[in-house]
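Residue-level listing of the chains:
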Amino acid sequence: MRHTEYGYISPAENHCYRDLARWLADKKKRERRANKHGAFNLDRKKETCYGKENR
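Residues numbered from 1 in each chain as written. Predicted model: local features only at pLDDT ≥ 70, side-chain atom pairs only at ≥ 80, totals over all residues. Heavy atoms only, no water.

1. Focus on the side chain of Asn14
Consideration 1: Relative to the helices and strands, Asn14 resides in helix H1 (residues 11–36).
Consideration 2: There is a polar contact of 3.0 Å between the side chain of Asn14 and the side chain of Arg2. (Helix = DSSP H or I, 4+ residues; strand = E, 2+ residues; numbered from the N terminus. Polar contact = N/O pair within 3.5 Å; in protein donor to acceptor, adjacent residues only side chain to side chain.)

As structure tokens, this is what we get:
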């Protein structure tokens with residue numbers, strides 16, 4: 001049994017809690033990494049490779 005802020009939880013609940021905590025930590029890392037690399041930067045998509053005169 002593990003004591004949490006909500007009381008004692010069983011080993012099965014502890015396993016689920018640990019998996020959820022790990023998933024949330026990984027999600028935060030993925031979002032931070034995506035923002036750092038500009039995955040959600042829409043300004044890049046507006047830029048073109050060719051000038052207007054080449055179209």
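We are not done yet, so read on.
2. Some details on the environment of Pro11
Consideration 1: Relative to the helices and strands, Pro11 is located in helix H1.
Consideration 2: With 10 residues separating them along the chain, Pro11 and Met1 place their C-alpha atoms 6.2 Å apart.

3. Observations regarding a positive patch on the surface
Consideration 1: Together, Lys28, Lys29, Arg30, Arg32, Arg33 and Lys36 give the surface a local cluster of positive charge.
Consideration 2: Note that Arg30 resides in helix H1. (Patch = residues over 30% accessible without salt bridge, like charges linked within 9 Å, V, L, I, M, F, W, Y side chains within 5 Å. Areas by Shrake-Rupley, 256 points an atom, 1.4 Å probe, with all protein chains shown as cover. Salt bridge = Lys/Arg side-chain N within 4 Å of Asp/Glu carboxyl O. Lys, Arg positive; Asp, Glu negative; His and termini not counted. Charge placed at Lys NZ, Arg CZ, Asp CG, Glu CD.)

4. Concerning the environment of Tyr8
Consideration 1: Structurally, Tyr8 is set in strand E2 (residues 7–9).
Consideration 2: Judged by its relative accessible area of 59%, Tyr8 is exposed.
Consideration 3: Every residue in contact with Tyr8, bar those within four places of it in the chain, is listed here: Met1, Arg2 and His3. (Buried < 20%, exposed > 50% of the residue type's maximum accessible area, 1.4 Å probe, protein only. Contact = heavy atoms within 4.5 Å.)

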